[in-house]
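The residues making up each chain are set out below.
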Amino acid sequence: MSTAPAVEVVLYHLSDQGEDVLAAYHEASRRMAGTPGLLGNQLMTELGRPDSYVVVSHWDSWESFEQWETGAQHKDQTTPLREFRDTHRARPFEIYKVLAHY
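Predicted, not measured: the structure shown is a model, and the values here were computed from it.

The rules behind these values
- Position labels on residues start from 1 in each chain and follow its written sequence.
- Reporting of local features is limited, given that this is a predicted model, to residues whose pLDDT is at least 70; pairs of side-chain atoms are given and counted only at 80 or more, and all residues count toward the totals for whole chains, interfaces and linings.
- Think of the side-chain values as coming from all heavy atoms in the structure, minus any hydrogens and water.
- Only runs of H or I of at least four residues qualify as helices and only runs of E of at least two qualify as strands under DSSP, and these elements are numbered from the N terminus.
- Here, two residues are considered to be in contact whenever any of their heavy atoms come within 4.5 Å of each other.
- Residues enter a nonpolar core if they are buried and are Ala, Val, Leu, Ile, Met, Phe, Trp, Tyr or Cys, with the set joined through side-chain atoms within 4.5 Å.
- Each residue gets one of three labels from its accessible area relative to the maximum for its type: buried under 20%, exposed over 50%, partly exposed in between, using a 1.4 Å probe on protein chains only.

S.K.: An account of the environment of V9 is needed here, citing residue identities and associated values.
M.R.: Assignment of secondary structure puts V9 in strand β1 (residues 7-14). Distance in space between the C-alpha atoms of V9 and A33 is 16 Å, their sequence separation being 24 residues. Apart from the residues lying within four places of it in its own chain, the contact partners of V9 are V55, V56, S57, W59, F65, E94 and I95.

S.K.: I'd like a description of the nonpolar core, backed by residues and values.
M.R.: The nonpolar side chains of soluble globular proteins are, as a tendency, buried together. Core analysis: the largest hydrophobic core is formed by 9 residues, namely L11, V21, A24, Y25, A28, Y53, V55, L81 and F84. Elements with a contribution of two residues or more to this core: α1 (18-32) and β3 (49-59). A total of 4 residues in this core trace back to one element, the largest contributor, which is α1. Every residue in contact with A24, bar those within four places of it in the chain, is listed here: P80, L81 and F84. Core analysis: the next-biggest nonpolar cluster, separate from the first, contains 7 residues, V7, L38, W59 and F65 among them.

Listed below in structure tokens is the structure:
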């Protein structure tokens, strides 16, 4: 049985350049490989909205996420996707603490 993530970070992106979003996602994921506490991430698109994308990252603890987020590498690692952030939202991201998992 795998360990449940303790924190889920959701980033919203908006673009009609799907191939560019996919390439940026792969580059950001490559840069983040080996980040302590990062369990993985995924890129999803909204059904019926091919211009709407979500990246969800899975973290083993709030401490791991916070250490990465406040660290020097954070900005460089996420730069490839930054231009695609959905700026129509009040916040282009949400952070969720996992309360239960099956």
